[in-house]
Amino acid sequence: MEQRAASRLQGAAPAPGAPASPETGFWSVDAATLIEGLSSSKEGLSSNDAAARLKRYGPNQIHGHEQVTRLRVIAAQLRSPLLLLLVFAALTSIATGEWVDAAIVLAIVLASTWIGYSREYAAQTTIAALRARVRTHATALRNGFPSPVPIEEIVPGDVVVLSAGSLVPGDGVVLEATDLFVSESALTGESYPVEKAPGTTAAETALSHRTNAVFLGTNVRSGTARCLIVGTGIHTEFGRVAARLSLAPPDTHFERGIRRFGYLLTTAMLVLIVVVFTAHVLRGRPPVETLLFAVALAVGLSPELLPAILTINLTRGARAMSQHGVLVRRLSAIENLGSMDVLCTDKTGTLTEGVVRLEGAYAPDGTASRDVLELAALNAALETGLSNLLDDAILQARDMGDTRPPKLAEIPFDAVRKRTSVVIPTEEGARLITKGAFGPVLDACANVAGGAALDDGTRATLTARADDWSSHGIRVLAVATRALPLRDRYTRADESTLEFAGFLTFLDRPKADVARTIAELARLGVAVKLITGDNALVARHVAGLVELRAASLLTGSDLRRLPDEALWAVVDRTDVFAEVDPNQKERIITALRKRGHVVGFLGDGVNDAPAMHAADTSLAVDQAVDVARAVADFVLLERDLDVIRRGIEEGRRTFANTMKYVLTTTSANLGNMISMAAASLFLPFLPLLAGQILLNNFLSDIPAVGIADDSVDAELVARPERWNMGFIGRFMVEFGLLSSLFDVLTFVVLLVGFAATPVAFRTAWFIESLLTELLIALVVRTRRPLFRSRPGTVLLVTTVVLVPFAFAIPFLPYAGLLGFAPISISMCAALVCITVLYVAAAEASKRYLLGPPLVVNLAGGTRA
């Protein structure tokens with residue numbers, strides 16, 4: 001019964017808003033029937049039953065992560081197009097009886113696969129462990145008790161408990177609710193939260209009017225509820241939309257750059273294969289030998305280790321960042337964090353201590369008032385929205401205990417009204433108590449306590465009093481009331497003609513070291529901008545204390561008057577944005593990105609989600625609401641700007657090491673392969689055999705694996721860097737030409753100076769080519785002179801071992817099978833001289849191409 005019902009209820013549904021049958025419209029079926037059909041109960045499922053359903057229906061995910069296994073990692077290695085190309089070459093050699101060539105190619109395939117597998121598997125297991133640390137949980141009834149359950153393990157038939165800030169973990173119906181308001185903007189675009197309650201709605205009801213149903217991807221703004229989950233994963237409204245649109249996170253700037261780089265080299269590789277193969281066949285060379293040579297050239301040119309280097313590098317960065325208090329939810333965002341040059345943040349808990357204290361409760365005339373505190377405490381105790389520091393401070397000053405009255409209704413907070421109201425019974429009927437930002441509450445008032453009319457003079461007096469507090473960094477809220485008749489329903493329309501009861505004032509002092517951290521971020525090239533919904537005077541006062549440019553301030557009202565083009569013009573020179581709503585936060589982020597900035601946003605509330613989506617990289621604190629944590633690329637274990645600073649530095653180290661591999665690949669590798677292709681067209685013999693090219697490429701790639709763990713010079717962390725295809729293209733051409741120039745010098749020395757035979761020529765050039773590829777990595781990894789920057793241990797040790805090994809290869813047993821022969825001491829000396837000259841020339845060219853190293857002055861920034 002349960003399996004048939006679940007299958008029916010999770011079946012394909014019509015598009016939102018189209019007519020729905022009772023079989024698919026679960027919102028039109030009463031809760032008791034749904035519970036029976038899913039073989040569940042109001043007390044939820046047992047652990048065993050939930051585990052069985054998880055196996056049956058699969059994880060509650062739209063786009064899932066496959067479990068890391070050794071076989072999957074090996075399979076991923078073997079799916080590499082370059083490895084498949086080598087396997088094809090080996091099979092061709094076997095088919096034509098070239099057993100030695102086939103053995104060499106297969107040995108290199110196995111060795112490359114093993115190296116890639118060993119590092120990749122370690123990286124993938126680390127990624128899985130880090131993801132487990134930032135899983136989002138829902139509260140489900142298991143074995144009759146509320147238990148935290150990872151959202152991906154929620155199954156049909158689960159009964160979940162929702163409260164303010166909760167993500168809804170699936171599609172379902174409301175069983176019980178108390179003042180439940182849900183934000184469905186992710187599905188409907190509606191900015192106001194929708195009230196939900198038990199019941200049924202017609203099958204044809206549009207999604208936005210299904211008041212008895214909740215949906216995956218939405219979040220609770222206020223209230224509490226118990227809901228029966230009917231659909232999970234792709235069998236939800238959100239899942240169907242995602243499936244139709246193939247939703248995926250947008251590529252980061254770095255990902256787009258890497259992809260373009262890959263396309264460029266792949267195109268060059270394909271052109272090289274076609275040109276070389278065609279030219280050699282036309283010249284009458286054996287097709288199989290020519291094919292193997294062309295394939296080997298392509299493999300030598302391609303950045304086959306780039307995916308592995310990226311994974312290892314990003315994983316190492318994520319692991320290091322976790323040790324500094326930053327958990328990574330999206331690996332590809334690490335480079336964006338390092339490239340960030342603008343950080344947008346609220347002030348509470350970031351710039352300030354986050355320990356809010358109620359300074360006082362005052363009547364309209366400014367005198368202390370116990371009555372105002374009592375009204376504020378009633379509102380704070382009865383409202384069921386997100387827990388916040390202001391309500392906590394009120395209840396610390398006036399603990400209501402068990403004396404709170406029953407609540408008739410609640411009108412939850414939203415970013416437009418900026419106030420919360422509760423309705424309580426009185427002897428005459430009912431009383432509405434409103435608490436919120438001073439301006440919006442005052443605008444809803446018609447008189448002041450005692451019944452006097454709220455005329456312009458009184459309004460000005462009250463505003464001046466609030467402004468005076470705000471200018472000293474004291475946050476001000478207002479409290480107002482209204483007598484109402486008893487009735488079944490109260491709405492936002494009842495928040496009118498209120499009586500102004502008084503003021504609440506709060507203190508939240510700036511952190512002692514935040515000004516120093518902001519200065520350190522500035523030295524790293526990161527500007528901090530304060531974006532807050534708080535009063536402009538409070539924001540200006542706090543900004544001044546932490547040494548932000550407090551004079552440059554825009555309010556939400558200013559933003560409403562500014563067209564987008566005007567905002568783009570002023571957003572750079574504005575450090576403080578106050579009294580802004582969520583849509584304006586998003587607009588500020590978009591304007592900064594239009595100006596060419598890489599923007600980060602630190603958020604923790606439901607209203608921060610749009611801005612977090614708009615930013616290049618988003619951060620949330622570990623204590624943030626579920627919806628903010630789910631959106632964030634990074635989760636901070638501490639709400640501290642210094643934690644972000646350390647994360648930025650780690651992101652830049654990751655970017656720097658990735659770029660080292662890219663620059664290495666585009667310098668000696670490219671030059672050598674192009675020189676070899678060109679030489680093969682003019683020499684009466686192949687300059688290197690296919691097996692020798694592949695062995696050269698394999699040996700030069702061994703130190704490259706160590707680049708992921710390489711040390712990074714301080715100047716590469718001192719400023720934000722971004723992917724620059726123009727620079728990479730110029731570097732590729734100029735360093736490739738430099739490499740080819742020394743290749744030509746090597747040809748002349750070997751053919752003219754030593755009259756080298758084909759075997760000696762290949763042996764000598766193999767050694768010279770391998771030496772240049774090994775040493776160029778040490779040159780381009782730093783902007784400093786080669787000997788003033790110590791490489792990482794793996795990179796240094798493997799290079800030191802392979803340099804003498806390169807000279808030893810021709811003298812090893814069975815070297816003749818690879819086409820090598822011993823060469824003279826004088827020829828070895830000539831190769832050493834050419835290599836030293838090449839390194840010297842590369843050092844000189846590097847200063848021009850990479851720029852001079854920066855002198856890092858921790859007390860005063862950086863300079864060239």
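Below is a short write-up of the structure.

Criteria and cut-off values
Counting starts from 1 at the beginning of each chain's written sequence and moves along it residue by residue. Where local features are concerned, this predicted model is filtered to residues with pLDDT of at least 70; where side-chain atom pairs are given and counted, the filter is 80 or more; whole-chain, interface and lining totals use all residues. Where side-chain values are given, they derive from all heavy atoms of the structure, hydrogens and water being excluded. Site definitions follow a grid-based scheme: protein atoms alone, a 1 Å grid, a 1.4 Å probe that fits but cannot get out for cavities, and for pockets an open set with protein on both sides within 12 Å along at least five of seven lines, plus lining residues having an atom within 4 Å of a point. Grid points are joined across faces, edges and corners, and a volume is the space filled by probe spheres set on the points. Secondary structure counts use DSSP, requiring at least four H or I residues in a row for a helix and at least two E residues in a row for a strand, with both numbered from the N terminus. Working definition of a nonpolar core: buried Ala, Val, Leu, Ile, Met, Phe, Trp, Tyr and Cys residues. They are joined through side-chain atoms within 4.5 Å. Between buried and exposed lies partly exposed: a residue is buried under 20% and exposed over 50% of the maximum accessible area for its type, with that area taken using a 1.4 Å probe on protein chains only. Working rule for contacts: check all heavy atoms of both residues, and any pair within 4.5 Å makes them a contact. To count toward a patch, a residue needs a relative accessible area over 30% and no salt bridge; like charges are then connected within 9 Å, while nonpolar side chains (Val, Leu, Ile, Met, Phe, Trp, Tyr) are connected within 5 Å. In short, Shrake-Rupley with a 1.4 Å probe defines the accessible areas, and a residue's cover is counted only from the protein chains shown. We define a salt bridge as a contact between a side-chain nitrogen of Lys or Arg and a carboxyl oxygen of Asp or Glu at a distance within 4 Å. Read the arc as the range of directions from the helix axis to the C-beta atoms. Whenever a helix is involved, its axis is fitted only over the stretch in contact; in every case the axis is a line through C-alpha atoms, and angles between N-to-C directions fall within 0 to 180 degrees. Angles are sorted into four bins: roughly parallel if under 35 degrees, roughly antiparallel if over 145, roughly perpendicular if 65 to 115, and oblique for all others. Here is the rule for handedness: rotate from the far helix to the near one, and if that takes an anticlockwise turn smaller than a right angle the crossing is left-handed, while a clockwise turn gives right-handed. Gly is placed with the polar residues, together with every amino acid not listed as nonpolar (Ala, Val, Leu, Ile, Met, Phe, Trp, Tyr, Cys and Pro) or charged (Asp, Glu, Lys and Arg). Strand pairing follows a simple DSSP-based rule, namely that at least 2 bridges must link the two strands. Two rings from Phe, Tyr or Trp (for Trp, the six-membered ring) form a pair when their centres sit within 6.5 Å of each other. Planes less than 30 degrees apart are called stacked, planes more than 60 degrees apart edge-to-face, and all others tilted. Ring-over charges, as used throughout, are those where CZ of Arg or NZ of Lys falls within 6 Å of the ring centre and within 35 degrees of the ring normal. Pairing of N or O atoms within 3.5 Å defines a polar contact, subject to two protein rules: one partner must be a possible hydrogen donor and the other a possible acceptor, and residues neighboring in sequence count only if both atoms are side-chain atoms.

### Looking at empty space enclosed by the protein
Step number 1: This structure, assessed with the given rule, holds 6 cavities of 30 Å³ or more.
Step number 2: Of the voids in this model, the largest cavity is the one considered here, and its volume is about 100 Å³.
Step number 3: Along the walls of the largest cavity sit 12 residues, with Thr 664, Ser 700, Asp 701, Ala 704 and Glu 773 positioned nearest its centre.
Step number 4: Elements with a minimum of two residues in the lining of the largest cavity: helix 24 (641-682), helix 25 (690-705) and helix 27 (758-780).

### Brief notes about the nonpolar core
Step number 1: By size, the foremost hydrophobic cluster in this structure holds 63 residues, and its most contacted members are Ile 589, Phe 634 and Ile 644.
Step number 2: Setting aside residues no more than four positions away along its own chain, Ile 589 makes contact with Cys 344, Ile 531, Val 599, Phe 601, Ala 611, Ala 614 and Ala 615.

### Section: the side chain of Thr 420
Step number 1: Here Thr 420 is to be found in strand 12 (residues 419-425).
Step number 2: In this structure Thr 420 comes out as buried when scored by relative accessible area, which is 6%.
Step number 3: Excluding residues within four positions of it along the chain, Thr 420 makes contact with Asn 379, Glu 383, Ile 411, Pro 412, Phe 413, Ile 433, Thr 434, Lys 435 and Glu 495.

### Considerations on a nonpolar patch on the surface
Step number 1: On the surface, a cluster of nonpolar side chains totalling about 460 Å² of accessible area is made up of Val 87, Leu 91, Ile 94, Trp 99 and Leu 106.
Step number 2: Elements with a contribution of two residues or more to the nonpolar patch: helix 5 (81-95) and helix 6 (99-133).
Step number 3: Sorting elements by how many residues they give to the nonpolar patch places helix 5 first, with 3 residues.

### Section: helix 14 (residues 389-397)
Step number 1: For helix 14, the full list of buried residues reads Leu 390, Asp 391, Ala 393 and Ile 394. One side of helix 14 carries all its buried residues, which in axial view fall inside an arc of 160°.
Step number 2: Against strand 10 (357-362), helix 13 (370-382), strand 13 (430-437), strand 15 (475-484) and strand 16 (498-507) lie the buried residues of helix 14.

### Remarks on unusual backbone geometry
Step number 1: Positive phi values are uncommon outside glycine, yet Lys 418 reaches one of about 55°.
Step number 2: Within the fold, Lys 418 resides in the loop between strand 11 (409-411) and strand 12.
Step number 3: Owing to a relative accessible area of 17%, Lys 418 belongs among the buried residues under this scheme.
Step number 4: One non-glycine residue, Glu 579, lies in the positive phi region at around 60°.

### Overview of the packing of helix 16 (residues 456-471) against helix 18 (residues 536-545)
Step number 1: Between helix 16 and helix 18, the shortest axis-to-axis distance is 7 Å and the interhelical angle comes to 15°. Viewed along their axes, helix 16 and helix 18 adopt a mutual orientation that is roughly parallel. Crossing of helix 16 against helix 18: the hand is right-handed. Between helix 16, through Asp 467, Ser 470 and Ser 471, and helix 18, the contact on the second element is made entirely by Leu 537, Val 538 and His 541.
Step number 2: Residue composition of the contact of helix 16 with helix 18, by class: 2 nonpolar, 3 polar and 1 charged.

### Some thoughts on the pairing of strand 7 (residues 219-231)
Step number 1: Within strand 7, 11 of the 13 residues are buried, leaving the element largely enclosed by the surrounding structure.
Step number 2: As paired strands, strand 4 (residues 171-183) and strand 7 are joined by 10 bridges and run antiparallel to one another. Each bridged residue has a counterpart across the sheet, and for Val 182 the counterpart in strand 7 is Val 220.

### Digging into the environment of Gly 436
Step number 1: Tracing the sequence through the fold places Gly 436 in strand 13.
Step number 2: A C-alpha to C-alpha distance of 6.2 Å links Gly 436 and Thr 420, two positions 16 residues apart in sequence.
Step number 3: Beyond its immediate sequence surroundings of up to four residues, Gly 436 is in contact with Lys 418, Arg 419, Val 441, Leu 477 and Ala 478.

### Comments concerning the packing of aromatic side chains
Step number 1: For the coordinates displayed, the defined rule picks out 15 aromatic pairs.
Step number 2: When the ring of Trp 469 is compared with that of Phe 503, the centres are 5.2 Å apart and the planes differ by 65°; the resulting orientation is edge-to-face. A residue pair is termed long-range when its members are at least 10 positions apart, and Trp 469 in helix 16 and Phe 503 in strand 16 qualify at 34 residues.
Step number 3: Here Phe 503 falls in the buried class, since its relative accessible area comes to 0%.
Step number 4: Seen from their ring centres, Phe 761 and Trp 765 are 6.4 Å apart, and the 50° between their planes marks the pair as tilted. Of this pair, Phe 761 and Trp 765 are both found in helix 27, 4 residues apart, which corresponds to roughly one turn of the helix.
Step number 5: Judged by relative accessible area, which is 0%, Phe 761 ranks as buried.
Step number 6: Chaining the aromatic ring pairs together yields one cluster made of Tyr 362, Phe 438, Trp 469, Phe 500 and Phe 503.
Step number 7: It is Arg 56 that lies over the ring of Tyr 57; its NZ or CZ is 5.7 Å from the centre.
Step number 8: Residue placement shows Arg 210 over the ring face of Trp 27; its charged tip is 3.6 Å from the ring centre.

### What about the pattern of salt bridges?
Step number 1: Following the criterion strictly, the structure yields 32 salt bridges and no others.
Step number 2: When the shortest N-O distance is used, the salt bridge between Lys 196 and Glu 184 registers 2.6 Å. You can see Lys 196 sitting in strand 5 (residues 194-196) and its partner Glu 184 sitting in the loop between strand 4 and helix 7 (185-188), a full 12 residues away along the chain. Both residues of the pair, Lys 196 and Glu 184, belong to the buried class.
Step number 3: In this structure, Glu 649 and Arg 645 form a salt bridge, with 3.0 Å as the shortest nitrogen-oxygen distance. In this pair, Glu 649 and Arg 645 are both assigned in helix 24, 4 residues apart and thus about one turn of the helix distant.
Step number 4: Assessed through its relative accessible area of 15%, Arg 645 is described here as buried.
Step number 5: Each of Asp 513, Arg 516, Glu 520, Asp 642, Arg 645, Arg 646 and Glu 649 takes part in a single network of salt bridges with overlapping partners.

### Details of the environment of Gly 317
Step number 1: Topologically, Gly 317 is positioned in helix 11 (residues 306-323).
Step number 2: In this structure, the C-alpha to C-alpha distance between Gly 317 and Glu 335, residues 18 residues apart in sequence, is 9.5 Å.
Step number 3: For Gly 317, the residues in contact, after removing those within four places along its chain, are Ile 334, Glu 650 and Thr 654.

### A word on the side chain of Asp 575
Step number 1: Mapped onto the elements, Asp 575 comes out in the loop between helix 20 (564-570) and strand 19 (576-578).
Step number 2: At 3.2 Å, the side chain of Asp 575 and the side chain of Lys 529 are in polar contact.
Step number 3: Within polar-contact distance, the side chain of Asp 575 engages the side chain of Arg 549 at 2.9 Å.
Step number 4: Other than its neighbours up to four places away in sequence, Asp 575 contacts Val 528, Lys 529, Leu 530, Arg 549 and Ser 552.

### Let's talk about the packing of helix 25 against helix 27
The description of two helices packed together rests on the angle between their axes and the distance between the axes.
Step number 1: Axis separation between helix 25 and helix 27 bottoms out at 9 Å; the angle between their running directions is 25°. With respect to helix 27, the axis of helix 25 lies roughly parallel. The chirality of how helix 25 crosses helix 27 is right-handed. Where helix 25 abuts helix 27, its residues Gln 692, Leu 695, Asn 696, Leu 699, Ser 700 and Pro 703 lie against Arg 762, Phe 766, Ser 769, Leu 770, Glu 773 and Leu 774.
Step number 2: Looking at the contact of helix 25 with helix 27 residue by residue, the class counts come to 6 nonpolar, 4 polar and 2 charged.

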